[in-house]
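Residue-level structural notes
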Amino acid sequence: MATMQIIFALIPAAIYLVAGLPATSGGMTIGTLVAFTALQSSIFRPLMGLLNTGAQWVTSMALFSRIFGYLDLEVDVPEPTHPVALPREQARGEVRFEDVSFRYPGSHTDALHDVSVEVPAGSTLALVGETGSGKSTFAALVSRLYDPTAGRVTIDGIDVRDLSSADLAALVGVVSQETYLVHGTIADNLRLARPDASDIDLWQALEVAQIDDVVATLPEGLHTLVGARGYRFSGGEQQRLAIARTVLRNPRILLLDEATSALDNDTERGLQAALDALVVGRTTIVIAHRLSTVRDADQIVVLDHAEILERGTHATLVAAAGRYASLAAR
Ligand SMILES: Nc1ncnc2c1ncn2[C@@H]1O[C@H](COP(=O)(O)OP(=O)(O)O)[C@@H](O)[C@H]1O
Ligand SMILES: [Mg+2]
């Protein structure tokens, strides 16, 4: 491009030079000379435009190859060829881990090692452990973000690998620390979970999540726009909107992965009531950094370096005076 520009800048100089030489100056009038240079400079723009098109073409091809490279990626968790139907209405929601080990691709150690856990339908399992002990990995295997390296994860006795992703998505709901609000109205965001929900359904869900009063005070109510990351709402309010979304979805199995850890104590207390309402009648796997939320679980599993260290209820684990007891005493 620079070379072309230099050449184009030099051309008028060359024309003047040639026109001024004794050999040619006799045959050329001033008028011809001026007309010639003017024409030459007006052909400059379209020519540069053509050259730019070439450059854009090359850039676009590079982008296209990245886009198609992405589309061609192999699916990590393939759809089963003969899915077993388990519609939400028929599911009880029993979750079982049978000798499950999992290692992240490229990692040298297991993120979960030989874990067997049974979560009866409708009960609550609490996972406790240091950061990096494998709690989120456990939750990821239930929602089948990954497939286990060994062993199997079942829901109502059916391997999650045999469930269609649509059935599994209807069965399992996740509330994590990271909540996403898409750019749109509050109603749009809630209807992501259930497109056919009526306004009344939306308000009921907001009420369960204890955020209906906040939305009611907004001038545009349900039609208030929320920004790209929902920055008009505080962290706690965003969490509650995410909970309202999960209420609408009405999953049989609920995964709460440190759903309240980003919040301060007061906000968490407010949210806790919303979560308690959500948990009723569902199989719940709760990962919490604060043990207050864990106390009442039917079953507590303490993970340590990818393995189960202790399991029991709050009472039995405190009596055993192990890791859980020392965490609880803190
Ligand atoms: N996507 C990933 N790729 C590789 N290793 C990972 C990935 N996610 C987590 N890990 C590793 O797996 C282990 C368990 O992580 P995680 O389940 O997130 O722990 P927790 O939720 O208990 O803090 C950690 O050692 C972590 O570094
Ligand atoms: Mg985690």
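The chain appears in an unreviewed UniProt entry as ABC transporter ATP-binding protein from Arsenicicoccus piscis. Among the UniProt annotations of the chain, the heading Subcellular location (unreviewed entry) holds the following wording: "Cell membrane".

1. A short note on unusual backbone geometry
Backbone geometry places aspartate 156, a non-glycine residue, at a positive phi of 50°. Relative to the assigned elements, aspartate 156 resides in the loop between strand S4 (150–155) and strand S5 (158–159). Owing to a relative accessible area of 15%, aspartate 156 belongs among the buried residues under this scheme. With phi around 45°, histidine 305 is a residue other than glycine that occupies positive phi space. Topologically, histidine 305 is positioned in the loop between strand S11 (299–304) and strand S12 (307–312).

2. Examining the pairing of strand S3 (residues 124–129)
Summarising burial for S3: five of the six residues are buried, a large majority. Here four bridges tie S3 to strand S10 (residues 283–287), and the two strands are oriented parallel to one another. Along S10, the bridge assignment pairs leucine 125 with isoleucine 285. Both S3 and S11 contribute to a ladder of five bridges, which runs parallel. The residue of S11 that forms the bridge with leucine 127 is valine 301.

3. A look at the site of ligand 1
Residues in contact with ligand 1, as listed here, are Tyr104, Ala111, Glu130, Thr131, Gly132, Ser133, Gly134, Lys135, Ser136, Thr137 and Tyr146. Separating an oxygen atom of ligand 1 from a backbone N or O atom of lysine 135 is a distance of 2.9 Å. If ligand 1 stood free it would expose 560 Å²; the protein chains cover 58% of that surface. When grouped by side-chain class, the residues that make up the shell around ligand 1 number three nonpolar, six polar and two charged.

Rules used in this analysis
- Residues numbered from 1 in each chain as written.
- Chains lettered and ligands numbered in written order.
- Predicted model: local features only at pLDDT ≥ 70, side-chain atom pairs only at ≥ 80, totals over all residues.
- Heavy atoms only, no water.
- UniProt positions renumbered as here; feature names shortened; annotations may be inferred.
- Helix = DSSP H or I, 4+ residues; strand = E, 2+ residues; numbered from the N terminus.
- Buried < 20%, exposed > 50% of the residue type's maximum accessible area, 1.4 Å probe, protein only.
- Pairing = 2+ DSSP bridges.
- Near = heavy atom within 4 Å.
- Polar contact = N/O pair within 3.5 Å; in protein donor to acceptor, adjacent residues only side chain to side chain.
- Areas by Shrake-Rupley, 256 points an atom, 1.4 Å probe, with all protein chains shown as cover.
- Nonpolar A, V, L, I, M, F, W, Y, C, P; charged D, E, K, R; others polar.

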